[in-house]
Amino acid sequence: MAEGWLRHWASVLGLKVEVHSAGTAKTFLKPEAIRVMAEVGIDIHDQFSKTLLELPNPRNFGLVWTVCDAAHEACPSYPAKTRRRHTSFPDPSGKPLDEWRRVRDAIGGAARALIVELKS
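As the structure is a prediction and not an experimental result, all values here were calculated from the model.

Conventions adopted
Residues numbered from 1 in each chain as written. Predicted model: local features only at pLDDT ≥ 70, side-chain atom pairs only at ≥ 80, totals over all residues. Heavy atoms only, no water. Axes fitted to C-alpha atoms, helices over the stretch in contact; angles between N-to-C directions. Helix = DSSP H or I, 4+ residues; strand = E, 2+ residues; numbered from the N terminus. Left-handed = near helix turned anticlockwise from the far one by under 90°. Contact = heavy atoms within 4.5 Å. Nonpolar A, V, L, I, M, F, W, Y, C, P; charged D, E, K, R; others polar. Buried < 20%, exposed > 50% of the residue type's maximum accessible area, 1.4 Å probe, protein only. Polar contact = N/O pair within 3.5 Å; in protein donor to acceptor, adjacent residues only side chain to side chain. Expected span 1.5 Å × (residues − 1). Salt bridge = Lys/Arg side-chain N within 4 Å of Asp/Glu carboxyl O.

1. Regarding the packing of helix H2 (residues 31–39) against helix H4 (residues 97–119)
At a closest axis distance of 10 Å, the pairing of H2 and H4 adopts a crossing angle of 60°. In terms of crossing hand, the pair formed by H2 and H4 is right-handed. Across the interface between the two elements, Glu32, Ala33, Arg35, Val36, Met37 and Glu39 from H2 touch Leu97, Trp100, Arg101 and Arg104 from H4. For the contact of H2 with H4, the per-class residue count stands at five nonpolar, no polar and five charged.

2. Focus on the side chain of Thr82
Tracing the backbone shows Thr82 in the loop between helix H3 (69–74) and strand S2 (83–86). Residue Thr82 is classed as buried on the basis of its relative accessible area of 9%. Filtering out sequence-adjacent residues up to four positions away, Thr82 remains in contact with Phe61, Gly62, Leu63 and Val64.

3. Quick word on the environment of Lys50
Tracing the backbone through its elements, the reader meets Lys50 in the loop between H2 and strand S1 (63–66). Not counting chain neighbours up to four residues away, the residues in contact with Lys50 comprise Glu3, Ser21, Ala22, Gly23, Lys26 and Leu55. A distance of 3.3 Å separates a polar side-chain atom of Lys50 from the backbone oxygen of Ser21. A distance of 2.8 Å separates a polar side-chain atom of Lys50 from the backbone oxygen of Phe48.

4. What about H4?
The end-to-end C-alpha separation of H4 is 32 Å, in line with the 33 Å expected for 23 residues at 1.5 Å each. Against the buried residues of H4 lie helix H1 (2–13), H2, S1 and S2.

5. Remarks on the pattern of salt bridges
As enumerated under the stated definition, the model contains 10 salt bridges in all. The closest approach of N and O atoms between Glu3 and Lys50, which form a salt bridge, is 3.9 Å. With Glu3 in helix H1 and Lys50 in the loop between H2 and S1, this residue pair connects regions lying 47 residues apart in the sequence. Comparing Glu3 with Lys50, the two get one shared label, buried. Residue Arg101 pairs with Glu39 through a salt bridge whose shortest N-O separation is 2.7 Å. Separated by 62 residues along the polypeptide, Arg101 in helix H4 and Glu39 in helix H2 bring together distant segments of the chain. Taking relative accessible area as the criterion, Glu39 reaches 40% and is therefore assigned partly exposed. Here the residues in one salt-bridge network are Glu39, Asp98, Arg101, Arg104 and Asp105, joined through shared partners.

What follows is the structure, given as structure tokens:
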């Protein structure tokens, strides 16, 4: 959901950025995430689960934003030029769609704030 929101807000706010997402382990894109993001007009069905090593040049990021505590703790160290930011969001897996929506909206607000900050 974070990747979808970052792409959305970057487009809406006119910031040219490259957005990638990766997890600590390769899993799958959860159908609940696709559904709740579609409810706000963001299509993420083409996104897929990947690990850090599958991203282009994973040691050359300007910013790494972790959105769950497990990823924050497992995230490798980066060169000094890479800024790190962590925001803890609960994992809504196994919970009702209302919890997915709450997490979606919280991530969306944080993603918007991050894009605004990057643009300034």
